[in-house]
Amino acid sequence: MALYGSAPVMYAIHSNDKRQQVSGFVWLNPSDTFMKLERADAGESPSNLRTWWTSESGIIDVVCLVGPTPSDVSRQFHHLFGLAPLPPLWSLGKHQCRWNYWDEEDVTQISKQYDTHDIPLDVVWLDIEHTDGKKYFTWNPSSFPSPSKMMDVISKAKRKLVTIVDPHIKKDHSYSLYRELCNPNLSIQKVVWPRNKDIRDIGDVEESVTFEGWCWPGACIYPDFTNPQMRETWANQVRFENYNGCTPDVFTGNDMNEPSVFNGPEVTCPGDLIHPFQNIEHRNVHNLYGMYMQRGTYEGHLARDPSSRPFVLTRSFFIGSHRFGAIWTGDNDASWDHLRMSLPMLMALALSGNSFVGADVGGFFRHPERELIVRWYQLASLTYPFFRQHAHEHSPRREPWLWDEEALGLIRQAIQVRYKLLPYLYTIFADFHRGGSPVLRPLWWEFLQDQVCHHDAIPVEESVMVGDALLVRSVHKPLAQQRSVKVYLPTGAHSGWYEFTSGRFFAAGWHSVELNINSIPAFWRSGLIVPFKETLRRSSEWTFQDPFTLVVFVDPSKGMAKGDLYIDDYKTNQYKTGDFIDVQLEFSAGILSQARVLGSLRTNVSTRVESIKIVGLREQPSSAVLSEDDVDTAQLEVSSKRVPTETAQQVHAASVYEAVIHNPGIILGSHRGWKIRLGTYSKSPGRKRTRRLVLKTHYGCLSREFVYVLRGA
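Thresholds applied
Per-chain numbering applies: the sequence of each chain, read as written, is numbered from 1 onward. Whole-chain, interface and lining totals are the exception, using all residues; otherwise, since this is a predicted model, local features are given only for residues with pLDDT of at least 70 and side-chain atom pairs are given and counted only at 80 or more. Side-chain metrics rest on all non-hydrogen atoms present in the structure, leaving aside hydrogens and water. Helical segments are the DSSP runs of H or I of at least four residues, strand segments are the runs of E of at least two, and each set is numbered from the N terminus. Using C-alpha atoms as the atom set, the radius of gyration is obtained and then compared with a globule rule of 2.2 Å times the number of residues to the power 0.38. Three exposure classes are used, based on accessible area relative to the maximum for each residue type with a 1.4 Å probe and protein chains only: buried under 20%, partly exposed in between, and exposed over 50%. In this description, contact between two residues means that some pair of their heavy atoms is separated by no more than 4.5 Å. Counting rule for charge: Lys and Arg are taken as positive, Asp and Glu as negative, and neither His nor the chain ends is counted. Note on charges: their place is set at NZ of Lys, CZ of Arg, CG of Asp or CD of Glu. For two strands to be treated as a pair, DSSP must find at least two bridges joining them. Axes here refer to lines fitted to C-alpha atoms; in helices the fit is confined to the stretch in contact. Angles between the N-to-C directions go from 0 to 180 degrees. Joining through side-chain atoms within 4.5 Å is the link that ties buried Ala, Val, Leu, Ile, Met, Phe, Trp, Tyr and Cys residues into a set, and such a set is a nonpolar core. Lining residues are those with an atom within 4 Å of a point, where the points come from a 1 Å grid over the protein atoms alone and group into cavities, where a 1.4 Å probe fits but cannot get out, or pockets, open sets with protein on both sides within 12 Å along at least five of seven lines. Grid points are joined across faces, edges and corners, and a volume is the space filled by probe spheres set on the points. Three residue categories are used. Nonpolar comprises Ala, Val, Leu, Ile, Met, Phe, Trp, Tyr, Cys and Pro, charged comprises Asp, Glu, Lys and Arg, and polar comprises the others, including Gly. Ring pairs shown here join Phe, Tyr and Trp side chains whose ring centres sit within 6.5 Å, with only the six-membered ring taken for Trp; geometry is labelled stacked below 30 degrees between planes, edge-to-face above 60, and tilted in between. Either the NZ atom of lysine or the CZ atom of arginine qualifies as a charge over a ring when it sits within 6 Å of the ring centre and within 35 degrees of the ring normal. One number per residue, pLDDT, summarises how confident the predictor is, and it ranges from 0 to 100. We call two directions roughly parallel when the angle between them is under 35 degrees, roughly antiparallel when it is over 145, roughly perpendicular when it lies between 65 and 115, and oblique otherwise. To estimate how far a helix should reach, multiply one less than its number of residues by 1.5 Å. Residues enter patches when they are more than 30% accessible in relative terms and free of salt bridges; like-charged ones are connected within 9 Å and nonpolar ones (Val, Leu, Ile, Met, Phe, Trp, Tyr) within 5 Å. Reported accessibility uses the Shrake-Rupley method at a 1.4 Å probe radius. Residues are deemed covered only where the shown protein chains occlude them. We count a salt bridge whenever a side-chain nitrogen from Lys or Arg sits within 4 Å of a carboxyl oxygen from Asp or Glu.

Side note on the overall build of the chain
Check the secondary structure of the chain and you find 12 helices and 40 strands. For the chain, the C-alpha radius of gyration of 28 Å lies close to 27 Å, the compact-globule estimate for 713 residues. The principal-axis extent of the C-alpha atoms belonging to the chain is close to 110 × 70 × 50 Å. Counting all 713 residues of the chain, 58% fall into the buried class. Here the analysis covers contacts within the chain between residues at least 6 apart in sequence; of these, 71% occur between residues at least 24 apart. The distance from the centre of the 75 positive side-chain charges to the centre of the 79 negative ones in the chain is 9 Å.

Shown next, in the form of C-alpha cells:
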C-alpha cells in the first residue's frame, strides 16, 4: 500500500521512573527523503532508538517540538504550520464513488437507491470518465449532456457531487486550458542542452521547452503550481462562469498529483525538470507539488463562493496540506491486510497534522469478500474521518444494495451509526480546527502514563481513540480464523469503559472479547458526555433542525462526567465571525448542568435536546427536576433500569443504573442557567423501599410544591 505524500514528522516518548514525556521532530525538506529507525540492540534499554534522516537535495531545516505532552506537541506543530479550516458537516458523511459512474442516469439512480434502502448518503463522486476526453473542468457531451439538470436532482436530495480533476493537462489545441498553459512561465519546463558545447561546460542553458509526459489523456503538460500566478489561473477554472454545468453543490477531488507521469522515472516527473517560478529543479519541490495543487483548487472554491466552506480531496500531500482539505491513502487492495494497515496509516497522518483522512472502504483494487466489506464498513464508520467507498473500473459494482440482505442490513447499520455520531465527530473537528488536537489518536496520545499503550501492537496499531471518548479495536481477520480478540482498555483518571452497544461496564486492563458479525469492539470512556442525533435522515443537511440526544457516561467511582458540544450552521464561514456556540456540560452529584457557553448562535439550526441518557449511576433514579436560574420549573419524565457490569467489584458498587430523561425541554446555549437534578430511591433498614416524588403546580405567579412519599416493594 503506497502513501502518495510525505509528512516527515516524528513523535518520541521519553520514559523515566516517574513520568512519561513527549517531544516532536519535523524534517522540513520536500525532496526525496529517506528515514531509518533502528530499535535497541540486545541488552540495551528498549527506549534506545536511533533515527537517520537524509534528503536528495535542499538544506537541513528541522524543528524540535518540546512538548512535554502529546497535546502540547500537536499544539506547537499547528502554531508553526497553521490550523485547519472547519470542514462542512456533509463532508463527514457517507461518500459513494467508483471509477466510474457512466452517465447522468447512473448518478441519479445511485442517489435514489440510497433512499430506497434507507441508507444516509451525502456525496456522489465522478471519476475522470465524466470529462470530455479527459479534459478537466469539462463534461462528456454524450453521457453528461445536462449536468445542471443532473445537479437539480442531487441538490433536491440535499446531497453534493465531487468531480475528479487531475493535474496533467491534455495536449489539445482545442482545449482552452492547454492553450493558456502553453505559456512557459506557467508550466513545468524541460532543459534542452546545446549539442555544440562540451559536457563539462556548466554555463548558461540556452533553451528550455514545455515538458510533455504521458498520463490518462495521452500526451500532457504539467502546471507549475509553485507559481502563485499558476494557482490563480487554476483557481479561475473552478468559477461557475468557467466550469460549465458546475453548481454550488459541486466540489473537487485532486488525484494523480504526485504528479503521476506514466513514462517518467518512478512514474513521476524527472528530477531535473525546471519550475520556471524561481527557476528551481523539480527534485527540490517534488513533495510540495500535490499540496500546491490542492491549495490552488481550494482557493478557487473559496473565491467562487466566499460564504461557503470548500471541500477538496488530495492524494498527494506535504506538511501543511491540512490547511486545504482532506487526504486519502490512495489505491489500496480489497484484502484483510490492507484493512488492518489502514488504521495505523491514518493515525500516523493525524499525528502529522492531517486529521481529515481516510482510506477507500472495501479496497480500490479487486473485489472484497462479503465478510471483509462488512468489517471495513464497521471500522470506517466509527474511525475514518473521511468516509468513502471507492472501487476500480474493472471490479464488480459493490453498492450496499448489491450484497445479500444480511450484509446490506449490516452495512446500513454501520452507516446509520456514523450519522448518529456526526454531532460528536463535528465537535472533535471543531477542537482540531481551534487547537490542533488530532481527530484520530493513538492510545498513547491520550493515555501517556499507561506504558502498555507504548509498546504492545494491539493498543499501538490495532486500536484507536476517536477524540477523547471513543476507543475502537479493529477486526482484520475473518470469523473462521478468529472468534475473539484481545482488547486493552487504558488506565487513567477514569475508572473504566462502557461497551459501545450494550452499555456494559468494563474496568481498565486486558479483556478477551467474543466476536460476531454484527459489530466490532468499541468502548466509551467513562466520565464523558457525548452528543448524538438519533433521527435518521437521507443526508446530514436534513438533520439541521433535528434535536440532540446527550449520553452521560458517568464515572461510577466519582459520579461525574463532562463534555462539549459545538454547533454552527454546518456549511458556511459564518463561524469565523462568532456565529456558533460551544457548550460545556457537566454532571456531578446527580445534577446535569450547562457549565459554560462560548459564542452566540444566530443561524437557524436546532439546539434542542430531546432526550438525556445517563449511564453508570450508583443509585437508581426515581425523579428528575428541571430548574432554570435556580428556580424549579418542571418535573421530567424519567425511566431507569439496572445494567450489567463485568464484575461488581470493578465498579466499586453492587449495581450500576441507567436512566433516560424524555423531553427535558432544554435549549443548548440558552443564557438561562438550566440544571436537571435527579432524585433517587432511598432505603431504610427493616423497611420497604420508599421514594420521594416532588410535583409542582403553577397558578399565574404563584406556585405550590406537593411532596409525596411512595412506599412499595
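Here we look at the sheet that holds strand β5 (residues 62-65)
Taken together, 3 strands build an open sheet; the order of strands is β1-β2-β5 and the sheet is antiparallel. Looking at which strands have only one partner, the edges of the open sheet turn out to be β1 (9-15) and β5. Direction aside, neighbouring strands of the sheet carry axes that sit 20° apart on average. Pairing of strand β2 (residues 20-27) with β5 involves 4 bridges; the strand directions are antiparallel.

What about the nonpolar core?
Counting residues in hydrophobic clusters, the biggest one holds 193 residues, and the most contacted among them are Phe311, Trp524, Phe587, Ile612 and Ile676. The greatest single-element share of this core, amounting to 16 residues, is contributed by helix α9 (residues 405-435). Once residues within four sequence positions are removed from consideration, Phe311 is found in contact with Trp90, Ser91, His95, Trp125, Val162, Phe251, Thr252, His301, Ala326, Phe356 and Phe386.

A look at empty space enclosed by the protein
Under the criterion given, the structure shown has 3 cavities of 30 Å³ or more. Lining the largest cavity are 25 residues, and of these Pro85, Leu86, Pro87, Gly325 and Phe356 sit closest to its centre. Secondary-structure elements contributing two or more residues to the lining of the largest cavity are β18 (326-328) and α9. Class assignment of the residues belonging to the lining of the largest cavity gives a composition of 17 nonpolar, 6 polar and 2 charged. One number sums up the size of the second largest cavity: a volume of about 140 Å³. Leu89, Leu422, Pro423, Lys533 and Thr543 are the residues nearest the centre of the second largest cavity, which is lined by 17 residues in total. Sorting elements by how many residues they give to the lining of the second largest cavity places α9 first, with 4 residues. The residue makeup of the lining of the second largest cavity, split by class, is 11 nonpolar, 4 polar and 2 charged.

Concerning unusual backbone geometry
The omega torsion of the bond from Trp99 to Asn100 falls at 15°, within 30 degrees of zero and hence cis. In this fold, Asn100 is placed in the loop between β6 (94-96) and α2 (104-116). For Lys158, which is not glycine, the phi torsion reads 60° and is therefore positive. Positionally, Lys158 belongs in the loop between α3 (147-156) and β8 (160-165).

Focus on the environment of His79
Position of His79 relative to the elements: it lies in helix α1 (residues 70-81). Take His79: its relative accessible area is 70%, and that puts it in the exposed class.

Regarding the packing of aromatic side chains
According to the stated counting rule, one finds 39 aromatic pairs in the structure shown. With a centroid separation of 5.4 Å and 20° between ring planes, the pair formed by Trp524 and Phe553 is classed as stacked. Here Trp524 is found in strand β28 (residues 522-525), whereas its partner Phe553 is found in strand β30 (residues 548-553), with 29 residues between them in sequence. The two residues Trp524 and Phe553 agree in class, both being buried. Sitting above the plane of the Trp328 ring, Arg388 keeps its charged end 4.9 Å from the centroid.

Comments concerning the confidence of the model for the chain
For residues with low pLDDT, the predicted coordinates do not support detailed interpretation. Looking at the chain as a whole, its pLDDT mean stands at 91, while 91% of the residues score no less than 70. The model gives residues 647-654 a pLDDT under 50, and that stretch makes 12 contacts with residues more than four places away or in other chains.

Quick word on the packing of helix α7 (residues 336-351) against helix α8 (residues 370-383)
Packing of α7 against α8 brings their axes to within 10 Å, and their N-to-C directions diverge by 10°. In terms of axis orientation, α7 runs roughly parallel to α8. Of α8, the residues touching α7 (which contributes Trp336, His338, Leu339, Ser342 and Leu343) are Glu371, Leu372, Arg375, Trp376, Leu379 and Thr383. Along the lines of polarity and charge, the residues of the contact of α7 with α8 split into 6 nonpolar, 3 polar and 2 charged.

Side note on the side chain of Asp333
As for its placement among the helices and strands, Asp333 is situated in the loop between β18 and α7. Discounting chain neighbours no more than four positions away, the residues touching Asp333 are His338, Gly363, Phe364, Phe365, Arg366 and Trp376.

Thoughts on α1
Taking 1.5 Å as the rise per residue, α1 with 12 residues should run 16 Å; its terminal C-alpha atoms sit 17 Å apart, in good agreement. Every buried residue belonging to α1 is among Pro70, Asp72, Val73, Ser74, Gln76, Phe77, His78 and Phe81, and all of these are buried. Contact partners of the buried residues in α1: β1, β2, β5, α9 and α10 (443-446). In the stretch just after α1, Gly82 is the one whose phi turns positive, near 95°.

Details of the sheet that holds strand β9 (residues 169-170)
Taken in spatial order, the 3 strands make up an open sheet running β9-β13-β12, and their pairing is antiparallel. Each edge of the open sheet carries a strand with a single partner, namely β9 and β12 (213-215). Alignment of β9 against strand β13 (residues 218-221), held across 2 bridges, turns out to be antiparallel. Note that in β13 the partner of Ile169 across the bridge is Ile221.

Quick look at a nonpolar patch on the surface
Taken together, the side chains of Trp214, Trp216, Phe262 and Val267 present a nonpolar region at the surface, about 390 Å² in accessible area. Tracing the chain through its elements places Val267 in the loop between β14 (250-254) and β15 (274-275). The exposure class assigned to Val267 is partly exposed, which follows from its relative accessible area of 44%.

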